[in-house]
Amino acid sequence: KQRFLLYLRLPRQAAYVNPAYLEKRVRGDELVDAGSRFPTGFDPIGDDEALVRRYLQHFFATEDSYQPYVDYVQQDYCKRLFAETKVLLGIGDMEQWYSMLAPAYVEQLKQRVEIEFAPTQPAWYGANAPVGIDVDIKNVDKLLVKVFLIDTFDYEREAQKEVDASIDLDGMVANQEQTFTYADNPLRRVRRHFDFPELSQPGTYVIEFLGNGLSSRAVIKKGRLQYVARTGAAGQVLTVLDENGEVVTDATAWCGGHEYGADKSGAICVPFAPAHKVESLI
């Protein structure tokens, strides 16, 4: 909590920030530039409202007041989110929380559909590790879960990018489908755990959760390949390693429309091109 409060003290322009706090910072160079890049390898901060919202909800779940945060965050924002958090979790006197919210907002909250992954949900798993997913679900009486095994090589060769949640699944047949039914209060957010023992092999999987008109996707990658490169007499020599740092002796590399296999030691030679150009490597 103390680290979060220190983060909120950083003066920045955002819709949730208490303007009275910013008025104390009259110099523009004292404001955080959320678009700045620094030599850390991390992306710019960007819009952090969703992050701040998650942290506030985390603390509001067990705290009795939102007052510790109003110095930095708008009071109306804190008040609404505090009451909303209590309602979603079913904590305390519901009439007390309803009285802190506009009737129209309560109805909007009731109708809202959520299928969100827990912030702690990993995207990478070991090649032999079991896969489980925690999902926060609200106002979904019937949930359809589809599992797709992606042909990673074909996708990356055609799309020229790694598999992400934007992948077009139209026309693809799911490897597995399951339907779950629930009878929860539409105002309650419930965290549910799903195990996927069928994801036993290394590879890239897309798991799609669909319910009440909403779809959320988790991209799960089991196992991880990386490579080291050196310049040889005939070209670039690659050695592919698995997640344990062991040499993959049957690896292949695809570059410039050609596939190159490894020798007995696991070395892959990608020959020099006759002219300088940029090619993708898979």
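Below you will find a few notes about this structure. Treat the numbers as computed from the prediction; the structure is a model and nothing was measured. (Residues numbered from 1 in each chain as written. Predicted model: local features only at pLDDT ≥ 70, side-chain atom pairs only at ≥ 80, totals over all residues. Heavy atoms only, no water.)

### Description of the overall build of the chain
- A count of helices and strands for the chain gives seven helices and 13 strands.
- Taking 19 Å as the expected radius of gyration for a compact globule of 282 residues, we find that the chain reaches 25 Å, considerably beyond that expectation.
- Taken along the three principal axes of its C-alpha coordinates, the chain extends 75 × 55 × 30 Å.
- Partitioning the intrachain contacts of the chain with sequence separation of at least 6 by distance along the chain shows that 61% fall at a separation of at least 24.
- Charge separation in the chain, taken as the distance between the mean sites of 31 positive and 41 negative side-chain charges, equals 5 Å. (Helix = DSSP H or I, 4+ residues; strand = E, 2+ residues; numbered from the N terminus. Rg over C-alpha atoms; globule rule 2.2 N^0.38 Å. Contact = heavy atoms within 4.5 Å. Lys, Arg positive; Asp, Glu negative; His and termini not counted. Charge placed at Lys NZ, Arg CZ, Asp CG, Glu CD.)

### Some thoughts on the sheet that holds strand β4 (residues 142–150)
- A sheet is described by the order of its strands in space; here five strands give the open sequence β2-β8-β7-β4-β5, paired in mixed fashion. The open sheet has two edge strands with one neighbour each: β2 (124–125) and β5 (176–181).
- As paired strands, β2 and strand β8 (residues 214–222) are joined by two bridges and run parallel to one another. Paired with Trp124 across the bridge in β8 is Lys221. (Pairing = 2+ DSSP bridges.)

### A closer look at the side chain of Asn18
- For Asn18, the location among the structural elements is in the loop between α1 (2–9) and α2 (19–23).
- Not counting residues within four places of it along the chain, the set of residues in contact with Asn18 comprises Val70, Asp71, Tyr72, Val73 and Gln74.

### Quick notes on a nonpolar patch on the surface
- Residues Leu10, Val32 and Ile45 make up a contiguous nonpolar surface patch of roughly 230 Å² in combined accessible area.
- The topology assignment puts Ile45 in the loop between α2 and α3 (49–60).
- With relative accessibility at 48%, the residue Ile45 sits in the partly exposed group. (Patch = residues over 30% accessible without salt bridge, like charges linked within 9 Å, V, L, I, M, F, W, Y side chains within 5 Å. Areas by Shrake-Rupley, 256 points an atom, 1.4 Å probe, with all protein chains shown as cover. Salt bridge = Lys/Arg side-chain N within 4 Å of Asp/Glu carboxyl O. Buried < 20%, exposed > 50% of the residue type's maximum accessible area, 1.4 Å probe, protein only.)

### With respect to the packing of α1 against α3
- The interhelical angle for the contact between α1 and α3, taken along N-to-C directions, is 145°, at an axis separation of 12 Å. In this structure, α1 crosses over α3, and the sense of that crossing is left-handed. From α1, Phe4, Tyr7 and Leu8 reach across to α3, where they touch Leu51, Val52, Tyr55, Leu56 and Phe59.
- Residues of the contact of α1 with α3, tallied by class, amount to eight nonpolar, no polar and no charged. (Axes fitted to C-alpha atoms, helices over the stretch in contact; angles between N-to-C directions. Left-handed = near helix turned anticlockwise from the far one by under 90°. Nonpolar A, V, L, I, M, F, W, Y, C, P; charged D, E, K, R; others polar.)

### Quick look at the side chain of Gln57
- Summarising the element assignment, Gln57 is placed in helix α3.
- Of the residues examined, Gln57 reaches a relative accessible area of 12% and is grouped as buried.
- Setting aside residues no more than four positions away along its own chain, Gln57 makes contact with Leu81, Glu84, Thr85 and Arg189.

### Side note on the sheet that holds strand β6 (residues 189–195)
- With antiparallel pairing, the three strands of this open sheet are ordered in space as β1-β3-β6. Single-partner strands in this sheet number two, and they are β1 (114–117) and β6. Neighbour to neighbour, the strand axes of the sheet diverge by 30° on average, direction disregarded.
- Where β1 lies against strand β3 (residues 132–138), four bridges are found, and the strand directions are antiparallel. Counterpart to Glu114 in the pairing with β3 is Lys138.

### Re helix α6 (residues 103–111)
- Buried residues of α6: Tyr105, Val106 and Leu109, and no others. For α6, the buried positions fall inside an angular range of 105° around the axis, keeping them on one side. Projecting away from the buried face of α6 at angles above 90 degrees are the exposed residues Pro103, Ala104 and Gln108.
- Structurally, α6 contributes buried residues whose contacts are with α3, α4 (75–89), α5 (94–99) and β3. (Arc of directions from axis to C-beta.)

### A few points about the layout of surface pockets
- Empty space within the largest pocket amounts to approximately 1,200 Å³.
- In terms of lining residues, the largest pocket is bounded by 34 residues, among which Thr152, Glu156, Leu225, Gln226 and Ile282 are the most central.
- Mapped by element, the contributors of at least two residues to the lining of the largest pocket are α7 (152–159), β7 (203–211), β8, β9 (226–231), β10 (235–241) and β11 (252–255).
- For the lining of the largest pocket, a count of residues per class yields 14 nonpolar, ten polar and ten charged. (1 Å grid on protein atoms, 1.4 Å probe; cavity = no way out; pocket = protein on both sides within 12 Å on 5 of 7 lines; lining within 4 Å. Points joined across faces, edges and corners; volume = space filled by probe spheres on them.)

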